[in-house]
Amino acid sequence: MAVSFIENIDDFILTDKSILQRWLSQIIQEDGKRVGKIVYLFSNDEYVHAVNKHYLRHDTYTDIITFDYVEGDLISGDILISIDRVKENARKFCSTFSDELHRVIVHGVLHLLGQGDKSKQELLEMRKKENSALAKLQEITEKK
């Protein structure tokens, strides 16, 4: 199985896909799980909002929606990311677009691995895991 990426937005092209695939696979395997079929779809606010309303009954804009198809230790899912929200959040949190995008990308995998973010404690744990994963991505990128 594998991690794949689909760009459904005109002004966005994901770079370093093979590095991101290796990184995400490492995160999953370090958690003692196997990589199934994970598909990332990068789109705009309107598309992600429509999916959020239709499937989750949430009438809000969001940066990410994760559909979990995990079976046992086989990690699979569809992850939708709004590039518009990622850009906005990067500005809001004084981050680079690339850093915010990578944070959101790993956030989806962490959800598939069972990490929640609804309570304050879960959110703190999510941020800790995101930061650890981002440090691993930095290590992989430096070895490139």
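Just so it is clear, the model here is predicted, and its values are computed rather than measured.

The rules behind each value
Per chain, residues are indexed from 1 in the order of the written sequence. Only residues with pLDDT of at least 70 get local features here, since the model is predicted, and only at 80 or more are side-chain atom pairs given and counted; chain-wide, interface and lining totals rely on the full set of residues. Based on all heavy atoms of the structure, the side-chain values leave hydrogens and waters out of the count. An axis is simply a line fitted to the C-alpha atoms; with a helix, the fit covers only the stretch in contact. Between two such axes, the angle follows the N-to-C directions and lies from 0 to 180 degrees. Only DSSP runs of H or I reaching four residues or more are called helices, and only runs of E reaching two or more are called strands; each is numbered from the N terminus. Angles below 35 degrees are treated as roughly parallel, those above 145 as roughly antiparallel, those between 65 and 115 as roughly perpendicular, and all remaining angles as oblique. Crossing chirality is assigned from the near helix's rotation relative to the far helix, an anticlockwise turn below a right angle marking it left-handed and a clockwise turn marking it right-handed. For this analysis, residues touch if any pair of their heavy atoms sits within 4.5 Å. Gly falls in the polar group here, along with every residue not listed as nonpolar (Ala, Val, Leu, Ile, Met, Phe, Trp, Tyr, Cys, Pro) or charged (Asp, Glu, Lys, Arg). Stacked, edge-to-face and tilted labels apply to pairs of Phe, Tyr and Trp rings (six-membered ring for Trp) whose centres lie within 6.5 Å, assigned for plane angles under 30 degrees, over 60, and everything in between, in that order. Note on classification: 1.4 Å probe, protein chains only; a residue is buried when its accessible area is under 20% of the maximum for its type, exposed when over 50%, partly exposed between these limits. Strands pair, by our definition, only if DSSP identifies at least two bridges between them.

Caption draft 1: Up close: the packing of helix H3 (residues 83-92) against helix H4 (residues 97-112). Two elements in contact, H3 and H4, have axes separated by 9 Å at closest approach and are oriented at 120°. It follows from the interaxial angle that H3 and H4 lie oblique. Between H3 and H4 lies a crossing whose hand is right-handed. Note on element contacts: H4 touches H3 through Phe97, Glu100, Leu101 and Val104, opposite Ile83, Val86, Lys87, Asn89 and Ala90. Residue classes in the contact of H3 with H4 are distributed as six nonpolar, one polar and two charged.

Caption draft 2: Structural context of the packing of aromatic side chains. One pass over the structure, following the stated rule, counts six aromatic pairs. On the numbers, 6.2 Å between centres and 75° between planes, the contact of Phe12 with Phe97 is edge-to-face. One end of the pair, Phe12, is in the loop between strand S1 (3-7) and helix H1 (17-30); the other, Phe97, is in helix H4, and 85 residues separate them in sequence. Relative accessible area serves as the criterion here: at 7%, Phe12 is assigned to the buried category. By the ring-pair criterion, three or more aromatic residues cluster together here, those being Phe5, Phe12, Tyr40, Phe42 and Phe97.

Caption draft 3: Examining the sheet that holds strand S2 (residues 34-43) more closely. Spatial strand order, S1-S2-S4-S3: four strands in an open sheet with mixed pairing. Each edge of the open sheet carries a strand with a single partner, namely S1 and strand S3 (64-68). Within the sheet, the average angular offset between the axes of one strand and its neighbour, ignoring direction, is 15°. Of the strands in this sheet, S1, S2 and strand S4 (74-82) touch H1, which is tilted by about 135° from S1.

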